[in-house]
Every structure is written in structure tokens, then in C-alpha cells.
Amino acid sequence: MGFIPEEGKSLPPPGLVNRNSLWLAGVGWVSAVLHNAINHRPPVKSGVHRQLLLATIGWFIGYHVTKYENYTYARLDRDMNEYIKLHPDKFVPKEQKTFAEIVEPFHPVR
């Protein structure tokens, strides 16, 4: 599709089973079942070809939404890391504290 620029095409492809694909496939299937119910047909048993078609379309759209989402987050990470490299004085590492130094001493009340 044309939503991702050329620099985003070097990213690895997302898995076929991801949350956007599952969610939008479910939305497509439910919309077909709801259409059957509104038209007073058996909701699940009639129009199975439409149910499969809408679920497949939802899966396809969800896959490409995930690709665009991965590109967007990769671009934001790249920009953030570039900013950190250009301004190291704003990101000085702090001293490491142990957990015992953070937590107050425990005194049980009996």
C-alpha cells in the first residue's frame, strides 16, 4: 500500500497474527452477523461467504495498520535516539541506588 515511505520498507514485516488483524477480522465478522440479524436471517448460518469475506478484509486492513504502526514507532525511536546523541548533557546517567537505599527500614508493630 502507499501509506509507508521507502525508508519504512526496510523494517521486518509484522506477524500474520497480531492484535490489529484479530480485532479488525472480528469486527468484520460481527458486522456480517449483525447484518444477517437485522435482515431477519439466521445470523451465523446464512451468508457464510460474506462473513469470510468481511473477516478477511478486516484481517488485511489490520495487517497494514500494524505495518504503519511499526513504522511510526520506529521513526519516533530513531528521532528520539538522534536527539539523545545530539544533546548528551541533558541525559546524564544518575547514580545507581540499591533497593535497600530506597525503601525505609521495616519495624514491625506488635
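What you see is a predicted model; the values in this text were computed from it and never measured.

Its 20 residues give helix 1 (residues 19–38) an end-to-end C-alpha distance of 28 Å, which sits within 8% of 28 Å, the value for a rise of 1.5 Å per residue. If you check which residues of helix 1 are buried, you get N20, S21, A25, G28, A32, V33 and N36. Once helix 1 finishes, H40 follows within two positions and takes phi at roughly 60°, a positive value.

Before going further, it helps to spend a moment on the side chain of T66. Tracing the chain through its elements places T66 in helix 2 (residues 48–86). Taking relative accessible area as the criterion, T66 reaches 7% and is therefore assigned buried. With residues near it in sequence (within four places) discarded, T66 still touches P14, N18 and N20.

Now for the packing of helix 1 against helix 2. For the pair helix 1 and helix 2, interaxial distance at closest approach is 7 Å and the crossing angle is 150°. Relative to helix 2, the element helix 1 is oriented roughly antiparallel. Crossing of helix 1 against helix 2: the hand is right-handed. Among the residues forming the contact of helix 1 with helix 2, the class breakdown is twelve nonpolar, ten polar and three charged.

About the cut-offs
Residues numbered from 1 in each chain as written. Predicted model: local features only at pLDDT ≥ 70, side-chain atom pairs only at ≥ 80, totals over all residues. Heavy atoms only, no water. Helix = DSSP H or I, 4+ residues; strand = E, 2+ residues; numbered from the N terminus. Expected span 1.5 Å × (residues − 1). Buried < 20%, exposed > 50% of the residue type's maximum accessible area, 1.4 Å probe, protein only. Contact = heavy atoms within 4.5 Å. Axes fitted to C-alpha atoms, helices over the stretch in contact; angles between N-to-C directions. Parallel < 35°, antiparallel > 145°, perpendicular 65-115°, else oblique. Left-handed = near helix turned anticlockwise from the far one by under 90°. Nonpolar A, V, L, I, M, F, W, Y, C, P; charged D, E, K, R; others polar.

By themselves, these observations are geometric and do not establish any function.
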